[in-house]
Amino acid sequence: MGTDSHLLYYKKPAKAWTAALPLGNGSIGAMIYGKAQTETISLNYDQLWTGYPKTYHHMCSYDSFAKARDLAMAGKLCEAQRTLESGFEGLNSEAYMPFGDIILECHKGFVKNYSRKLDLTTAVHTVEYEKSDVKYTRTSFVSHPDKAFVMKVESDKANAVSFTLKMNSPLRNSVSADGKALVLDGICPSLSPSNVDEIPKDEYIQYSDDEAKKGISFRGAVRVVADGNVEYNNNSIVVSNASSAVVYFTCESSFNGFDKHPNLEGKEYKNACMSMLDAVSSKNYDDILNAHIADYKSFYDRVSLELGTDKKENVPTDKRLALFFSNKKDMGLYGLLFNFGRYLTIAGSREGTQAMNLQGIWNHRVRPPWSSNYTVNINTEMNYFPTLMVDMPEMHLPLIDFVKEISVTGEATARELYHARGFTGHHNIDIWRMTTPVKGNSQWSFWPMSSGWLCRHLYEHYEYTLDKNYLREVAYPVMKKAAEFYLDLLIPDNDGYLILAPSTSPENDFYVGKEECSVSQTSTMTMSIIKELFGNCIKASKILDESCDTINDIADKLPKLLPFRVGSKGDLLEWYNEEEWTEPHHRHISHLYALHPARLINHEDTPELIEACRKTLEYRGDNGTGWSLGWKINFWARMWDGNHAMQLIDMQLRPVDNKYIINYKGGGGTYPNMFDAHPPFQIDGNFGAVSGIAEMLMQSTEDTIYLLPALPDKWATGSINGLRAKGNIKVDIEWKDGKLADYKLYGDATGKRIVYNGKTL
């Protein structure tokens with residue numbers, strides 16, 4: 001693949017956050033604007049959230065749930081919804097916070113020959129420009145081995161590097177210096193801004209002096225090592241007469257786990273932060289850089305995609321997006337979209353870090369969209385759609401830890417809200433692993449299905465790795481707990497089928513008369529998640545040669561679950577009965593869960609339901625928000641319609657300006673820095689695109705690998721190497737003139753069917 005599929009390149013600094021370029025090591029996130037005169041580095045640390053461990057179980061009544069269930073089964077759906085919204089809601093989740101900024105005040109004056117680049121092959125950012133016949137270069141990266149942000153500032157003439165460095169934060173903080181480092185000590189708010197109502201904007205960041213209500217404390221520290229003068233003042237570092245200077249930043253917090261109070265039970269963080277700073281700043285810069293690149297490339301180089309190139313490496317990326325919008329002629333841009341998403345996975349999710357939230361690890365607002373939380377009715381899961389397929393199971397581990405932790409907090413939610421065993425979660429979760437419903441419309445707030453969906457990631461991790469110890473010790477116990485919750489909630493309908501009542505289909509409504517309603521007797525998504533979870537539990541029990549009463553109960557109830565149904569228009573029904581959508585082109589297509597990410601609906605076993613899914617997608621339409629476009633790419637790939645999937649990719653590459661807007665009706669696309677635009681920024685669309693591209697070229701089940709199942713005409717010749725199929729098999733594929741030319745499998749493919757163009761090879 002040409003350089004143009006591995007490089008983000010610009011001829012001017014970023015004027016907005018969505019034009020700045022992201023760096024990260026899973027914990028520290030940095031957005032670099034690349035300004036010549038006053039550089040801004042917007043920083044995040046993955047443990048900085050509002051609040052502390054708390055529950056809202058007391059705000060939700062089991063009696064309200066039971067009453068709503070009775071009303072729904074009696075056909076009184078609007079009454080059921082009102083009952084849930086009045087007696088079965090808590091508060092919103094806590095919010096992910098920014099750390100703040102490092103500011104470099106450099107020289108003023110005319111700058112020429114400016115460029116900034118992010119090299120995806122090395123995860124290194126560079127800014128280059130000339131001023132007064134001096135060439136300046138700034139090289140930045142966030143090292144995972146050394147747990148630090150590092151920036152080298154250098155000039156091609158002696159003693160030309162001078163700048164003043166400052167740190168600030170929008171959170172409560174103090175800045176000091178001790179002659180060796182500039183230190184920012186801060187504390188996160190005690191309450192999410194989204195739970196602070198009807199007060200002035202400048203007062204929605206709330207802190208408490210009560211020791212039991214204080215939030216997460218944190219420290220960020222900067223040291224500069226230079227061959228010139230370095231002076232530490234009270235609130236700045238002044239560098240002068242240097243030829244080169246290296247800036248080191250480390251961060252640590254008092255967060256000590258989802259179940260520990262960060263103030264009363266917090267971990268030591270101040271000395272830990274300084275120890276990391278001492279360690280990294282004592283090393284040779286080139287050694288730090290080389291270790292970073294080697295670590296990063298060990299993941300990035302596992303997969304390579306070749307679709308051809310139009311040699312656009314010298315065209316700025318923002319211009320490429322604009323040109324592509326007008327003529328669709330830039331084969332390298334498809335590769336760039338794919339590679340940038342893989343880059344974001346490595347930068348945003350590492351073993352031992354927090355799972356990626358709505359914005360990965362990058363957020364600059366104290367009141368971010370949707371609290372930058374874990375929205376688990378599609379978005380968090382989409383963040384990890386491609387991770388296993390592009391051979392990065394290590395980056396999947398933070399999500400597995402996330403699910404393990406909510407399996408603990410979700411036990412009380414299952415017990416107290418539903419009088420059920422096992423565990424459950426609803427549609428919003430935060431760092432404290434809140435699992436209760438939030439406040440608001442039932443179309444999102446009432447949805448106890450996230451535990452089931454998240455458990456599919458646990459089982460898929462086994463399918464791709466074949467790690468039987470992991471299946472036995474981690475995945476299987478949690479999956480059974482999730483299944484027990486649904487076993488306890490299933491009830492028979494009038495036809496004798498088992499359903500979970502009441503249910504919603506996130507986040508859509510239908511008409512009951514002239515009234516909008518979101519609560520049905522059950523929904524297709526609800527039943528799809530339960531079917532898949534039950535099936536995976538049975539598969540796991542057979543693999544492990546284990547059985548128990550829970551598995552026996554699952555085996556008894558699985559055949560009795562409500563089957564899929566097709567409506568009068570030939571589409572897959574979304575709710576229990578055929579209803580009239582209030583928004584026919586709604587961005588969520590939740591009822592196609594069985595098509596993707598599950599494979600309960602597929603060409604070989606249920607061809608008639610494939611056609612129902614096709615009708616559904618046609619009625620829903622192609623337009624949507626960024627993440628919705630990403631999901632639709634995957635749907636059409638599963639439909640084996642590569643040309644239609646291609647249309648969605650082209651739509652996702654539509655350039656979106658930097659204005660801060662929220663658009664639910666459409667408008668999805670790509671910001672100048674290649675971030676996905678909902679709008680506003682949500683990172684899930686980036687990962688949906690990667691998953692979709694991978695699915696167009698290879699799909700797999702436990703016994704079959706499909707080669708080029710949805711190859712579009714536009715990608716007539718190309719190759720992809722290093723994809724991982726289920727069964728821990730690596731796959732290389734080459735094609736020419738729209739036809740398979742060669743393929744290689746690495747691993748034990750005994751018993752696997754290899755299918756191309758409907759035929760077994």
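All residue numbers refer to position in the chain's written sequence, counted from 1. Totals for whole chains, interfaces and linings use every residue, but because this is a predicted model, local features are given only for residues with pLDDT of at least 70 and side-chain atom pairs only at 80 or more, for both listing and counting. In computing side-chain properties, one takes all heavy atoms of the structure into account and sets aside hydrogens as well as water.

For this particular structure, what's the right way to read the sheet that holds strand β29 (residues 729-736)?
Between any two strands, at least two bridges found by DSSP are needed for them to pair. Helix and strand definitions follow DSSP, with helices as H or I runs of at least four residues and strands as E runs of at least two, each counted in order from the N terminus. Strand order in this open sheet of 4 strands is β17-β28-β29-β30, and the pairing throughout is antiparallel. The outermost strands of the open sheet, each flanked by one partner alone, are β17 (304-306) and β30 (739-746). Direction aside, neighbouring strands of the sheet carry axes that sit 20° apart on average. Where strand β28 (residues 718-725) and β29 come together, 7 bridges link them in antiparallel fashion. Counted as the bridge partner of I720 is I733 from β29. Think of each axis as a best-fit line through the C-alpha atoms, taken over the contacting stretch in the case of a helix, with angles from 0 to 180 degrees between the N-to-C directions.

Looking at this structure, how should I read the environment of R320?
When you line up the elements, R320 lands in helix α5 (residues 317-327). Note on contacts: a residue pair qualifies if any of its non-hydrogen atoms lie within 4.5 Å across the two residues. If we ignore the near neighbours within four places in the chain, the residues touching R320 are D4, L7, K312, V315, D330, G332, L333 and L336.

What is the right way to read the sheet that holds strand β16 (residues 244-253) from this model?
The strands that make up a sheet are held in pairs by hydrogen bonds between backbone atoms, and each pair lies either parallel or antiparallel. Within the open sheet, the 9 strands sit side by side as β1-β6-β7-β8-β9-β16-β13-β12-β11. Their pairing is antiparallel. Only two strands of the sheet have a single partner each, and these edge strands are β1 (7-10) and β11 (172-177). On average, each strand axis in the sheet is inclined to that of its neighbour by 15°, with strand direction left out of account. As judged from the 8 bridges shared by strand β8 (residues 134-143) and strand β9 (residues 148-155), these two strands associate in the antiparallel manner. Each residue of the ladder has a partner; that of R138, found in β9, is V153. Packed on one face of the sheet, helix α4 (residues 285-300) meets β7 (124-131), β8, β9 and β16 and runs near 55° to β8.

Sorry, what's going on with the side chain of K632 here?
Summarising the element assignment, K632 is placed in helix α15 (residues 626-638). Three labels apply to residues, based on accessible area from a 1.4 Å probe with only protein chains included: buried if under 20% of the type maximum, exposed if over 50%, partly exposed otherwise in between. Charge counting treats Lys and Arg as positive and Asp and Glu as negative, with His and both chain ends excluded. Salt bridges are counted wherever a side-chain nitrogen of Lys or Arg sits within 4 Å of a carboxyl oxygen of Asp or Glu. Buried within the structure, K632 lacks any salt-bridge partner; D622 is the closest side chain of opposite charge, at an N-O distance of 6.0 Å. Setting aside residues no more than four positions away along its own chain, K632 makes contact with I589, G621, D622, N623, G624 and L648.

Sorry, what's going on with helix α16 (residues 642-652) here?
Since the α-helix packs 3.6 residues into each turn, any two residues three or four apart lie on the same face. Burial of α16 is extensive: 9 of the 11 residues sit out of reach of the surface. What α16 keeps buried is the set G642, H644, A645, M646, L648, I649, D650, M651 and Q652. Those residues of α16 hidden inside the fold are in contact with α5, α6 (331-348), α15, β24 (669-670), β25 (676-677) and α17 (684-697).

What is the right way to read the pairing of strand β4 (residues 38-45) from this model?
If a strand is regular, its side chains alternate between the two faces of the sheet. When you tally the buried positions in β4, you get 7 out of 8 residues, the bulk of the element. Direction of pairing for strand β3 (residues 28-32) relative to β4: antiparallel, over a ladder of 5 bridges. Paired with G29 across the two strands is N44, which belongs to β4. Where β3 folds back onto β4 in an antiparallel hairpin, the turn is made up of 5 residues, including G34, whose phi is positive at roughly 75°. Bridge count for β4 against strand β5 (residues 100-105) is 6 bridges, and the pairing is antiparallel. In the strand pairing of β5, L43 is matched with G100.

Any chance you could explain the pairing of strand β2 (residues 21-24) here in plain terms?
Of the two faces of β2, the one carrying L21 and L23 and the one carrying P22 and G24 are both buried. Across 4 bridges, β2 lies against β3 in antiparallel orientation. When the sheet's bridge partners are listed, G24 is paired in β3 with G29.

I keep staring at the packing of aromatic side chains and nothing clicks. Help me out?
The description of two aromatic rings rests on the distance between their centres and on the angle between their planes. Each Phe, Tyr or Trp ring (for Trp, its six-membered ring) is paired with any other whose centre lies within 6.5 Å, and the angle between the two planes then decides the class: stacked below 30 degrees, edge-to-face above 60, tilted in between. On inspection of all chains with the given rule, the structure shows 34 aromatic pairs. Ring plane angle 50° and centroid distance 5.7 Å describe the contact between W17 and F681, whose orientation is recorded as tilted. With W17 in the loop between β1 and β2 and F681 in the loop between β25 and α17, the pair connects residues that are 664 residues apart, well separated along the chain. Accessibility expressed as a relative area gives 4% for F681, which makes it buried.

Explain the pattern of salt bridges here, please?
Side chains bearing opposite charge may pair, as long as their charged atoms lie close to each other. For the structure shown, the criterion picks out 39 salt bridges. Salt-bridge contacts for E416 lead to R415; the nearest nitrogen and oxygen are separated by 3.9 Å. The residue K726 makes a salt bridge to E463 at a minimum N-O spacing of 3.2 Å. Pair noted here: K726 is in the loop between β28 and β29 and E463 is in helix α10 (residues 450-465), with a separation of 263 residues, a long-range link. Residue classification places K726 among the buried positions, given a relative accessible area of 8%. Each of R456, E460, E463, E532 and K726 takes part in a single network of salt bridges with overlapping partners.

Would you explain the nonpolar core in this entry?
As a rule of thumb, soluble globular proteins bury nonpolar side chains together. To qualify as a nonpolar core, a set must consist of buried Ala, Val, Leu, Ile, Met, Phe, Trp, Tyr and Cys residues joined through side-chain atoms within 4.5 Å. Counting 219 residues, the largest nonpolar core has F163, L165, F249, Y343, I649 and W715 as the members making the most contacts within it. Among the elements that take part in this core, helix α11 (residues 468-489) stands out by supplying 13 residues, more than any other. Once you skip the residues sitting within four places of it in the chain, F249 turns out to touch I28, L43, F99, I102, A148, F149, M167, G220, A221 and V222. In terms of nonpolar packing, the next biggest core, distinct from the first, is built from 17 residues, F141, V183, L277 and Y285 among them.

Just distances and angles here, no functional claims.
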